[in-house]
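Residue-level structural notes
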Amino acid sequence: MATHKGATPYLDLVHNCVQDDTLIAADLFAGGGGFSQALKQACDKRNINFKLIALNHWERAIQTHNINLPKHIADEADLYAFDPSTAPIPRLDLLLASP
């Protein structure tokens, strides 16, 4: 797979966010999982364990996300009313929020 010339800073960012050999990320407005998939690929390239919670307001997007990244948590939620303290994760290393 070819690596985009500008990908190195993103990979370094991912590497610098890791605690305890695992990166825990949340993807808000996750859609079908494009941004999540890019993060997964960056983690794979650096041999970093990766756990993700993905949220989106549209059921179809979450269904697609679950097909694309079946080993991660994806749930439908109204992100304008979402309380982050209720998220089932012990900590958050990286937040992806791209509507």
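Described below are features of the structure shown in this document. (Residues numbered from 1 in each chain as written. Predicted model: local features only at pLDDT ≥ 70, side-chain atom pairs only at ≥ 80, totals over all residues. Heavy atoms only, no water.)

Topic: the overall build of the protein
Of regular secondary structure, the protein possesses three helices and four strands. The order of helices and strands in the protein, counted from the N terminus, is α-β-α-β-α-β-β. Across the 99 residues that make up the protein, the buried fraction comes to 37%. Looking at the protein alone, contacts between residues at least 24 apart form 71% of all its contacts between residues at least 6 apart. (Helix = DSSP H or I, 4+ residues; strand = E, 2+ residues; numbered from the N terminus. Buried < 20%, exposed > 50% of the residue type's maximum accessible area, 1.4 Å probe, protein only. Contact = heavy atoms within 4.5 Å.)

Topic: helix 3 (residues 59-68)
An α-helical segment advances 3.6 residues per turn. Residues three or four places apart therefore align on the same side. Regarding helix 3, the residues found buried are A61, I62 and H65. Projection of helix 3 onto a plane perpendicular to its axis shows the buried side chains occupying an angular sector of 95°, all on one side. Facing away from the buried side of helix 3 by more than 90 degrees, the exposed set consists of R60 and I67. In the core, the buried residues of helix 3 are packed alongside helix 2 (34-45), strand 2 (49-56) and strand 3 (73-76). (Arc of directions from axis to C-beta.)

Structural notes on the sheet that holds strand 3
Within the open sheet, the four strands sit side by side as 3-2-1-4. Their pairing is parallel. The sheet terminates laterally at strand 3 and strand 4 (94-97), the two strands that pair on one side only. Taking each pair of neighbouring strands and ignoring which way they run, the sheet shows an average axis angle of 15°. Sheet topology places strand 1 (residues 22-28) next to strand 4; four bridges connect them, and they run parallel. Across the sheet, A26 pairs through a bridge with L95, a residue of strand 4. (Pairing = 2+ DSSP bridges. Axes fitted to C-alpha atoms, helices over the stretch in contact; angles between N-to-C directions.)

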